[in-house]
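The chain contents come next:
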Amino acid sequence: MRYNERELLSLARQPAEKAAEILMRVPKKGSVLKKRLVKLVVNFLFYFRTDEAEPIGALLLEHCRITKEEENVFSISFIEEPERKYCFECDSEEQCQEWIEALKRASYEFMRRSLIFYRNEIQKMTGKDPLEQYGISEEARFQLGTRRQ
């Protein structure tokens, strides 16, 4: 997937839904846990050296699996390469659970499914499609069972 570096840097500077300094290990041979500033912005997880303003990396939280590994530890792996895991160690079990929940809610697919669910609930209650007023009710991305390509 291609990214515009300037746009990513601009996104990294936006207010975060969640941010903290936690221990992180990237999926490289011999990699060790290092303290990183980790920042969730929309569906990107940016990570920074704790003394730098520019991110050293970003994970697009699509087609990924967030897994509880052990106490205070979770990982992110991608469906295409499940053996490559980014590991994160939090200060507490509570912080770990908060991160897992926030990351699971960050994907486009989660937001799309939530929109479809609430759209259907509103339609049941009111008898009207809430997206109709915006002229987008027939778009495939807002239909159950279709995936955006």
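None of the values given here were measured: they were computed from a predicted structure.

Procedures and definitions
- Residues numbered from 1 in each chain as written.
- Predicted model: local features only at pLDDT ≥ 70, side-chain atom pairs only at ≥ 80, totals over all residues.
- Heavy atoms only, no water.
- UniProt positions renumbered as here; feature names shortened; annotations may be inferred.
- Helix = DSSP H or I, 4+ residues; strand = E, 2+ residues; numbered from the N terminus.
- Pairing = 2+ DSSP bridges.
- Axes fitted to C-alpha atoms, helices over the stretch in contact; angles between N-to-C directions.
- Contact = heavy atoms within 4.5 Å.
- Salt bridge = Lys/Arg side-chain N within 4 Å of Asp/Glu carboxyl O.
- Buried < 20%, exposed > 50% of the residue type's maximum accessible area, 1.4 Å probe, protein only.
- Phe/Tyr/Trp six-rings, centres within 6.5 Å; stacked < 30°, edge-to-face > 60°.
- Lys NZ or Arg CZ within 6 Å of the ring centre and 35° of its normal.
- Domains from an automatic or database assignment.
- 1 Å grid on protein atoms, 1.4 Å probe; cavity = no way out; pocket = protein on both sides within 12 Å on 5 of 7 lines; lining within 4 Å.
- Points joined across faces, edges and corners; volume = space filled by probe spheres on them.
- Nonpolar A, V, L, I, M, F, W, Y, C, P; charged D, E, K, R; others polar.

Engineer: Could you give me a rundown of the UniProt feature "domain: PH" (unreviewed entry) in the protein chain, with the residues and numbers involved?
Structural biologist: UniProt marks residues 15–108 with the feature "domain: PH" (unreviewed entry), using the numbering shown here. Along residues 15–108 one finds 15% helix and 51% strand; the C-alpha atoms at either end are 18 Å apart.

Engineer: Can you break down the sheet that holds strand β6 (residues 73–78) residue by residue, with the values?
Structural biologist: Taking strand neighbours across the sheet as the criterion, the seven strands line up as β4-β3-β2-β1-β7-β6-β5 in an open arrangement whose pairing is antiparallel. Each of the sheet's edge strands pairs with one partner strand only, and the pair in question is β4 (57–60) and β5 (64–70). Here the average twist between neighbouring strands, direction ignored, is 35°. Against the sheet, helix α1 (residues 5–12) makes contact with β2 (34–41) and β3 (44–49), and its axis sits at roughly 85° relative to β3, the strand it touches most. On top of the sheet, helix α2 (residues 93–105) reaches β1 (18–25), β2, β3, β5 and β6; it is set at about 105° to β1, its chief contact.

Engineer: Now, about the pattern of salt bridges: what can you tell me, with residues and values included?
Structural biologist: Between side chains of opposite charge, a pair can form when the charged atoms approach closely. Here the structure, examined in full by the defined rule, presents ten salt bridges. Of the charged contacts, one joins Glu 52 and Arg 49 as a salt bridge, the two residues approaching to 3.4 Å between their closest N and O atoms. Accessibility expressed as a relative area gives 36% for Glu 52, which makes it partly exposed. The exposure class assigned to Arg 49 is partly exposed, which follows from its relative accessible area of 36%. Close ionic contact of Arg 119 with Asp 129 constitutes a salt bridge, the shortest N to O distance being 2.6 Å.

Engineer: Now, about the packing of aromatic side chains: what can you tell me, with residues and values included?
Structural biologist: What the rule picks out here adds up to four aromatic pairs. Residues Phe 78 and Tyr 86 carry aromatic rings whose centres are separated by 6.4 Å and whose planes lie at 90° to one another, so their mutual orientation is edge-to-face. A cation sits over an aromatic face here: Lys 18 above Trp 99, 5.3 Å from the ring centre.

Engineer: Would you mind going over the domain arrangement of the protein chain in detail, with residue names and values included?
Structural biologist: The domain boundaries assigned to the protein chain delineate domain 1 (5–106) and domain 2 (111–140). In this structure, domain 1 and domain 2 have C-alpha centres spaced 32 Å apart.

Engineer: How would you explain unusual backbone geometry if you had to name every residue and give the values?
Structural biologist: Here the phi dihedral of Val 42 falls at roughly 55°; this positive angle occurs in a residue that is not glycine. A positive phi angle, near 70°, is found at Asn 72, a position not held by glycine. Relative to the elements of secondary structure, Asn 72 occurs in the loop between β5 and β6. Given a relative accessible area of 15%, Asn 72 falls into the buried group.

Engineer: Break down the layout of surface pockets for me, citing the residues and quoting the values.
Structural biologist: Of the volumes computed, that of the second largest pocket is approximately 300 Å³. Contributing to the lining of the second largest pocket are 14 residues, with Val 26, Lys 28, Ser 31, Arg 36 and Tyr 47 lying nearest its centre. When grouped by side-chain class, the residues that make up the lining of the second largest pocket number seven nonpolar, one polar and six charged.

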